[in-house]
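Coordinate inspection notes
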Amino acid sequence: MEKFTGKVWVLGDDIDTDIIIPTEYLALPTVEDMKQYGISPLRPELAGLIGEGDIIVAGKNFGCGSSREQAPEIIKALKVKCVIAKSFARIFFRNSINNGLLLIENDQIQDAVKEGDKIDVILGESITLNGQTYPIHSLPDNLMDIINAGGLVAAMKKRNGITE
């Protein structure tokens, strides 16, 4: 059972893919070039503040909007450990899994957490914040295999014994 701790960055409801990575930056050559503009329409400074292993906590309908694969890629490139939200747009959820970004649904922690808090996550079991424990559901093993491999392409290569 994997356990990790991360510093929290708080976002609200209905964070769409145009907020996660605005259209005008999609023409940049790589996700590494794009990541500095992540979440810039909402909080221009945030991409520069997020540290490796940090956690984004958001409200409902995270990742709504257009189906752009770059949105979860940007979050992953910022080295965010996971996104915890009340709910996720379904296409964003699938794109995130396919790109190896861990998502956790929980509809309680958003009302208790403050930016900068540290939370502990035990995958498939619970989130702990300031001594309070919030239960979470586990993702199916096949989805966790994809996330743990770093994404769908890497998982399929591993499954088929392809090494590069």
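Described in the following lines is the structure provided in the data block. (Residues numbered from 1 in each chain as written. Predicted model: local features only at pLDDT ≥ 70, side-chain atom pairs only at ≥ 80, totals over all residues. Heavy atoms only, no water.)

1. Things to note about the pattern of salt bridges
- Evaluated as defined, the whole model comprises eight salt bridges.
- Glu-45 is the salt-bridge partner of Arg-43, the closest N and O atoms lying 3.3 Å from each other.
- Between Glu-115 and Arg-43 there is a salt bridge, with its nearest N and O atoms 2.7 Å apart. One end of the pair, Glu-115, is in the loop between β4 (102–105) and β5 (118–122); the other, Arg-43, is in the loop between α2 (31–34) and α3 (46–49), and 72 residues separate them in sequence.
- By sharing partners, the salt bridges in this structure join Arg-43, Glu-45 and Glu-115 into a single network. (Salt bridge = Lys/Arg side-chain N within 4 Å of Asp/Glu carboxyl O. Helix = DSSP H or I, 4+ residues; strand = E, 2+ residues; numbered from the N terminus.)

2. A word on the pairing of β4
- In terms of strand pairing, strand β3 (residues 82–85) meets β4 through four bridges, oriented parallel. The residue bridging Ala-85 from the neighbouring strand is Glu-105, located in β4.
- The handedness of the β3 to β4 crossover, carried by helix α5 (residues 90–98), is right-handed. (Pairing = 2+ DSSP bridges. Right-handed = clockwise from strand over helix to strand, strands pointing away.)

3. Remarks on the sheet that holds β3
- Reading across the sheet, the seven strands line up as β4-β3-β2-β1-β5-β6-β7 and stay open at both edges, with mixed pairing between neighbours. Unpaired on one side and paired on the other, β4 and β7 (132–135) mark the two borders of the sheet. Within this sheet the neighbouring strands show an average axis-to-axis angle of 30 degrees, counted without direction.
- Of the pairings in the sheet, the one linking strand β2 (residues 55–58) to β3 comprises four bridges and is parallel in character. Residue pairing for β3: Val-57 is matched across the bridge by Ile-84. (Axes fitted to C-alpha atoms, helices over the stretch in contact; angles between N-to-C directions.)

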